[in-house]
Amino acid sequence: MFPTEASLSGVEPLMQKIHSEIRRVDAGILAAVRQQSNSGTKAKEDLAAATRAVEELMYKIREIKTKAEQSETMVQEICRDIKKLDFAKKHITTTITALHRLTMLVSAVEQLQVMASKRQYKEAAAQLEAVNQLCNHFEAYRDIPKITELREKFKNIKQILKSHVFSDFSSLGTGKETEETNLLQQLSEACLVVDALEPSVREELVNNFCSRELTSYEQIFEGAELAKLDKTERRYAWIKRRMRTNEEIWKIFPPSWHVPYRLCIQFCKKTRKQLEGILDYLKDKPDVGTLLLALQRTLEFEDELEEKFGGASRSREIGQDIEEIGKAENNSQNVSDIRKKYEKKLAAHQGSATEEKNGNKDLTVPGAGFNFRGIISSCFEPHLIVYVELEEKTLMENLEKLVQEETWDIEEGSQNNVLNSSMQLFLIIKRSLKRCSALTKSQTLFNLFKVFQKILKAYATKLFARLPKGGTGIVAAATGMDGQIKTSDRDERVICYIVNSAEYCHKTSEELAESVSKLIDPQLADAVDMSDVQDEFSAVITKALVTLVLGLETKFDAEMAAMTRVPWGSLEAVGDQSEYVNGINMILTSSIPVLGSLLSPVYFQFFLDKLASSLGPRFYANIFKCRHISETGAQQMLLDTQAVKTILLDIPSLGRQTASAASYSKFVTREMSKAEALLKVILSPVDSVADTYRALLPEGTPMEFQRILELKGLKKADQQSILDDFNKHGPGITQPAAIVPAVAPPATPAISPAMTASTAVGFIASREDVLTRAAALGRGAATTGFKRFLALTEAAKDRKDGPFRKLFNT
C-alpha cells in the first residue's frame with residue numbers, strides 16, 4: 001500500500017477510513033446485542049404461555065375422563081335388565097333344543113327297536129346313524145338317569161341287531177341263498193347295519209365268515225390222502241375255485257371290507273401251518289424234485305395273490321441284474337440308456353426308503369404294505385438244504401468237466417484272451433443263481449452263495465495247478481534246480497491266459513457278490529462278500545507272473561553259463577557284443593512281443609518290474625562267477641553290459657506297452673549301473689582299486705572286494721596288503737562329499753594344474769579331474785594308471801569305428 005516515500009502522504013486518509021469502519025462495526029455489534037436481549041425476554045414469555053396451555057389441557061383431559069366413567073356407569077345401569085333377559089333367552093333356547101332332541105332320541109330309539117325286531121336292516125342302518133349323532137349331543141348329560149336309561153336301551157338294541165346279523169350270515173354258504181331269493185338282498189342290507197355299528201363288529205363278522213369258509217378246507221387237506229407234499233398244488237386250486245364260484249355271492253360284502261383279501265390271508269396262514277407239519281413229519285430228506293415242485297407252485301400262487309391285491313413284481317429287474325454278471329461294459333452304449341438305467345435304480349432306492357418311513361400301515365387293506373411273498377413259501381426254507389447240496393454236486397461236476405475239456409488255448413479273433421472254462425463257469429453259476437433266486441431269497445440263497453465261493457476257490461486251485469512247476473524232490477533241492485522252471489512258448493501263452501482268466505474271475509466275482517446282495521434279504525446282504533475268493537485269484541495272478549519270470553530266468557541259464565565260459569582273462573581285443581548277449585536278445589525278442597500282446601498293461605508292468613529286479617542282480621552276481629577278467633576282458637564285458645542294458649530298456653517298446661516305461665527304465669538303469677560300476681572297479685589300476693571301489697560301490701563288502709581282486713588276477717600275497725589297507729579305511733567312503741554311484745556320474749570340478757600326482761592320490765574323494773575322466777571306464781589317481789587309461793582313451797578316439805569308440809562317445 002505504501003511502496004515509496006511519496007506514497008506516505010496517503011496514510012492519514014487511510015487511517016480515517018479504518019476508524020470509520022471500526023465505528024460502523026461497533027454500532028452493528030451493539031445493535032445485535034440489543035436485539036438478542038429483547039429476543040431472550042420474548043422467549044421466556046413464550047415458554048410461560050406454553051406451560052399454562054399444557055396445564056389447561058391436562059385439566060380438560062381429567063374432566064373428560066370423569067364424564068366417561070359417569071357415562072359407563074349410567075349405561076350399565078340401563079343394560080342390567082337387558083343382560084338378564086339375554087341369558088334367560090339363551091337358556092330357554094338351549095333347553096328347548098335339548099328337549100326337542102331328547103324327544104327325537106326317544107322316538108328314534110323306539111323306532112330302531114321296532115326295526116330291529118322286524119329285521120329291517122336298511123332302515124335300521126340309517127336310523128343307527130341318526131341315533132349315534134343324537135347320542136353325541138347328550139354326551140355331557142350321560143349322568144342324568146333318563147339319558148343313562150336311553151343309552152342302555154340303545155346298547156341293547158345294537159346287541160340285538162348284531163345277533164340277528166350274525167344269525168342271518170350263518171346261513172351263507174349252506175345253500176339257502178339259492179332257496180331264498182331275498183336272502184342275499186337281506187344280507188347286503190345287513191352289511192349296512194354292520195358298518196353303522198362299531199368297527200369291531202365288522203372284524204368279528206369277517207373273521208367268522210373266513211373261518212367258516214376254510215373249515216371244509218382244513219377237513220379235506222388234513223386227511224391222509226391229501227396231506228402230502230405232492231398234493232400242494234391242489235390246495236391252491238381249491239381256494240381259486242372257491243373264490244371263482246362264490247364271486248357273485250360275495251358281492252353282498254361292501255368293497256371296503258376286502259373279504260376275498262382277508263380270506264386269502266387266513267388261507268395262507270392255515271396252509272403254512274399244515275405244510276410245516278408235513279415237512280417236519282418227513283423224517284428222511286424229502287425228494288428234491290417233489291420239494292422244489294411244491295415250492296414252485298407255492299411261489300406262483302403267492303405271485304398271483306400279490307398281483308391280484310396290488311403288489312408289484314421285480315423278477316424282470318432281477319433277471320437283468322443277473323444277466324449283467326461277467327459282461328464287460330459296452331463303450332458304444334448310448335448315453336441315454338445309461339442315464340435311464342441309473343435313474344431307474346435311484347427311483348427304486350427312493351421308493352424303498354419311502355416304504356420304510358411309512359411303516360405303520362393298515363395291513364387289512366390291499367396294497368397297504370402286506371406282502372404275500374413268503375407267507376407260505378418261507379416254511380420250505382429250513383428244508384432246502386438238500387437243494388443246495390444238489391446244486392453243489394452239479395456245479396462240482398460241471399467244473400471238473402470244464403477243466404477236463406479245457407484246451408488251454410484261445411480261439412483266433414478272441415479279444416479278451418480269457419480261457420473258455422472261466423466264462424462257462426460263470427454262465428453255469430448265473431443259471432444256478434437264477435434258479436435259486438426264483439425260489440427263495442433268504443438263507444438258502446446265502447448257502448448257495450457259499451457254494452459259489454467254494455466252486456470259485458476250487459477253480460482257482462485248478463488254475464494254480466496248471467502252472468508249470470520247477471524241479472521237486474531231494475535231488476532238485478541239492479542241485480539248486482528246485483527254483484528253475486522250464487517253459488516253452490506255449491507254456492508262456494498258457495500262463496498269460498491263466499493271468500487273464502484269474503483277473504476276469506476276480507472282477508466277475510465282485511459283480512456276482514453285488515448281484516446276490518441286491519437279491520438276498522436285507523438282513524443277509526452285509527454277509528455277502530467275495531474278498532476271500534478274490535484273494536485266491538490274486539494269489540494265482542501273482543504266482544503266474546512269478547512263474548513267467550522264473551521261466552525266462554531258466555531260459556537265461558545257458559546264456560549266463562556261456563558268459564562264464566568266455567576266456568575274459570585272455571581276450572586280446574575288444575570286439576562286437578558277445579554271443580551270450582545275442583542269445584539274451586533272441587530270448588527276449590521271441591517272448592516279450594507275445595507277452596505284451598496277451599497281458600494287460602498293469603500285469604505286464606508287474607512282470608517287467610519282476611524281470612528287471614531279477615536279471616539286474618543276477619547279471620551282477622554272474623560277473624563274480626568268471627575266473628579271471630583282464631583289462632581287455634573288462635572292457636568287452638562293459639560293452640556287453642551296455643548292450644544288455646539297452647536290450648532291457650527296449651522291452652516295453654518290444655511288448656508295445658510303453659505307458660509306464662519311465663519307472664521301469666529307471667529301475668533297469670539303477671540295477672545295471674551296479675554291474676557297470678563293478679566292471680569300472682575291475683578296470684581301475686591296482687594301487688587305486690580300493691578307493692575306486694569305495695567310490696563306486698559304497699555298500700560293498702570286504703568279501704566282495706577280495707573277489708574283485710581275484711578277478712583282476714592278483715596273487716594272494718599281493719591281495720593281502722590291499723585288503724589290509726581296505727579294511728583299515730573301512731568298506732565305504734568316509735569323506736563328507738561321498739560319491740554315490742548314479743545312472744550318470746555327477747560332474748566334478750577340474751583339478752589344478754599345480755596339483756601333483758601324489759596330491760591327487762590324497763584327494764581321491766575331492767572330486768578332482770581324475771574321477772571325471774575315469775567315469776566312463778574306471779577311476780584311478782596314480783600316475784602310471786592314469787597314463788595307461790589316457791592311452792586307452794586316445795586309442796579309442798583314433799579308431800573311427802568299433803563298439804568301444806561308440807561306448808566312449810556315450
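Starting from 1, residues in each chain are numbered consecutively following that chain's sequence as written. Thresholds applied to this predicted model are a pLDDT of at least 70 for local features of residues and 80 or more for the giving and counting of side-chain atom pairs; totals over whole chains, interfaces and linings are not thresholded and use all residues. As a convention, hydrogens and water are excluded, and side-chain values are obtained from all of the structure's heavy atoms.

Engineer: Any chance you could break down the overall build of the chain for me, citing the residues and the numbers?
Structural biologist: The helix count covers DSSP runs of H or I at least four residues long, the strand count covers runs of E at least two residues long, and both are numbered beginning at the N terminus. What the chain contains, in helices and strands, is 30 helices and 0 strands. Summarising the internal contacts of the chain: among those between residues at least 6 apart in sequence, 77% fall at separations of at least 24. Note on contacts: a residue pair is in contact if any heavy atoms of the two residues lie within 4.5 Å.

Engineer: Before we move on, can you summarise the nonpolar core with the specific residues and values?
Structural biologist: In this description, a nonpolar core means a group of buried Ala, Val, Leu, Ile, Met, Phe, Trp, Tyr and Cys residues linked to one another through side-chain atoms lying within 4.5 Å. Exposure is judged per residue with a 1.4 Å probe applied to protein chains only, and the accessible area is read against the type maximum: over 50% gives exposed, under 20% gives buried, and values in between give partly exposed. Counting 188 residues, the largest nonpolar core has Phe169, Phe253, Phe607 and Ile623 as the members making the most contacts within it. Of the residues forming this core, the biggest block, 13 residues, is contributed by helix α16 (residues 489–519).

Engineer: An account of the packing of aromatic side chains is needed here, citing residue identities and associated values.
Structural biologist: Centre distance within 6.5 Å is the pairing criterion for rings of Phe, Tyr and Trp, where only the six-membered ring of Trp is used; planes under 30 degrees apart are then read as stacked, over 60 as edge-to-face, and the remainder as tilted. Per the stated rule, a full pass over the model turns up 15 aromatic pairs. An angle of 35° between the planes, with centres 6.1 Å apart, marks the rings of Phe604 and Phe607 as tilted. Taken together, the positions of Phe604 and Phe607, both in helix α20 (residues 601–624) and 3 residues apart, correspond to about one turn of that helix. Pair check on accessibility: Phe604 and Phe607 agree, each one buried. Centroid distance Tyr693 to Phe705: 5.2 Å. Interplanar angle 40°. Geometry classified as tilted. Taken together, the residues Tyr693 in helix α24 (residues 689–696) and Phe705 in helix α25 (residues 702–711) connect sequence positions 12 residues apart. Phe705 carries the same exposure label as Tyr693, and that label is buried.

Engineer: How would you summarise helix α12 (residues 385–405) if you had to cite specific residues and measurements?
Structural biologist: Taking 1.5 Å of rise per residue, the 21 residues of α12 would be expected to cover 30 Å, and the 30 Å separating its terminal C-alpha atoms lies within 8% of that figure. Taken as a whole, α12 has its buried residues at Val386, Tyr387, Val388, Glu391, Glu392, Leu395, Leu399, Leu402 and Val403. Those residues of α12 that are buried lie in contact with α9 (288–308), α13 (420–439) and α14 (443–466). Between the first and last residue of a helix there are one fewer steps than residues, each counted as 1.5 Å, and that sum is the expected span.

Engineer: Which residues make up the pattern of salt bridges, and what values do they have?
Structural biologist: Salt bridge, as used here, is a side-chain nitrogen of Lys or Arg placed within 4 Å of a carboxyl oxygen of Asp or Glu. Applying the stated rule across the entire model yields 20 salt bridges. Across the salt bridge formed by Lys162 and Glu204, the nearest N and O atoms sit 3.0 Å from each other. Here Lys162, found in helix α3 (residues 145–169), pairs with Glu204, found in helix α6 (residues 199–221); they are 42 residues apart in sequence, far enough to count as distant. Note on Glu204: relative accessible area 33%, which makes it partly exposed. We note a salt bridge from Arg297 to Glu300, for which the minimum N-O separation is 3.4 Å. Taken together, the residues Arg297 and Glu300, both in helix α9 and 3 residues apart, mark about one turn of the helix. Under the relative-accessibility criterion, Arg297 is labelled partly exposed at 25%. Within this structure, Glu233, Arg297 and Glu300 form a network of salt bridges that share partners.

Engineer: Describe the side chain of Glu553, with residues and values.
Structural biologist: Residue placement: Glu553 occurs in helix α18 (residues 531–565). Under the counting rule used here, the positive set is Lys and Arg, the negative set is Asp and Glu, and His together with the chain ends is not counted. Buried charge Glu553 goes without a salt bridge, the closest partner of opposite sign being Arg618 at 4.7 Å. Every residue in contact with Glu553, bar those within four places of it in the chain, is listed here: Ser614 and Arg618.

Engineer: Outline the side chain of Ser377, supporting the account with residue identities and numerical values.
Structural biologist: Locating Ser377 in the fold gives a position in the loop between α11 (335–357) and α12. Overall, Ser377 belongs to the buried group, its relative accessible area being 9%. The contact partners of Ser377, leaving out residues within four places of it in the chain, are Leu295, Thr298, Leu299 and Glu302.

Engineer: Quick one: what's the story with a nonpolar patch on the surface, residue by residue and with numbers?
Structural biologist: On the surface, a cluster of nonpolar side chains totalling about 660 Å² of accessible area is made up of Met1, Phe2, Leu8, Val11, Met15, Ile18 and Ile22. Structurally, the position occupied by Leu8 is in the segment before α1 (11–118). Judged by relative accessible area, Leu8 falls into the partly exposed class, the value being 47%. Note on patches: the residues involved have over 30% relative accessible area and no salt bridge, like charges join within 9 Å, and the nonpolar side chains Val, Leu, Ile, Met, Phe, Trp and Tyr join within 5 Å. Surface accessibility follows the Shrake-Rupley procedure with a 1.4 Å probe radius. Residue values consider only the protein chains on display as shielding.

Engineer: Got a sec to walk through unusual backbone geometry? Specific residues and values, please.
Structural biologist: Of note, Arg119 is a non-glycine position whose phi angle comes to about 60°, a positive value. By relative accessible area, Arg119 is classed as partly exposed at 29%.

Engineer: How would you explain the packing of helix α2 (residues 121–137) against α3 if you had to name every residue and give the values?
Structural biologist: Between the N-to-C directions of two axes lies an angle of 0 to 180 degrees, each axis being a line fitted to C-alpha atoms and, for a helix, fitted only over the stretch in contact. At their nearest, the axes of α2 and α3 sit 12 Å apart, and the two run at 150° to each other. Taken together, the axes of α2 and α3 lie roughly antiparallel to each other. Here α2 and α3 pass one another in a crossing that is left-handed. Residues Tyr121, Ala124, Leu128, Val131, Asn132 and Cys135 of α2 form the contact with α3, whose own contacting residues are Arg151, Phe154, Lys158, Leu161, His164, Val165 and Asp168. Nonpolar residues are Ala, Val, Leu, Ile, Met, Phe, Trp, Tyr, Cys and Pro. Charged residues are Asp, Glu, Lys and Arg, and all others, Gly as well, are polar. By residue class, the composition of the contact of α2 with α3 is 8 nonpolar, 2 polar and 3 charged. With respect to orientation, any angle under 35 degrees is reported as roughly parallel, any angle over 145 as roughly antiparallel, any angle of 65 to 115 as roughly perpendicular, and every other angle as oblique. In a left-handed crossing the near helix is turned counterclockwise from the far helix by less than a right angle, and in a right-handed crossing that turn is clockwise.

Engineer: A description of the state of the cysteines should follow, citing residues and the corresponding values.
Structural biologist: Cysteine sulfurs are considered disulfide-paired once they come within 2.5 Å of each other. Evaluated as defined, the whole model comprises 0 disulfides. Cys264 supplies the cysteine sulfur nearest to Cys268, a cysteine that is in no disulfide, at a spacing of 6.4 Å.

Engineer: Help me get a handle on the environment of Arg212, residues and values and all.
Structural biologist: Structurally, Arg212 can be placed in helix α6. A relative accessible area of 33% places Arg212 in the partly exposed class. Separated by 42 residues in the primary sequence, Arg212 and Ser170 place their C-alpha atoms 8.7 Å from one another. Those residues in contact with Arg212 that sit more than four places away from it in its chain are Phe169, Ser170 and Leu172.

Engineer: Tell me about the environment of Met423, and name the residues and values.
Structural biologist: Mapped onto the secondary structure, Met423 falls in helix α13. Each C-alpha atom of the pair Met423 and Ser501 lies 8.5 Å from the other, and the pair is 78 residues apart in sequence. Not counting residues within four places of it along the chain, the set of residues in contact with Met423 comprises Asn416, Val418 and Tyr504.

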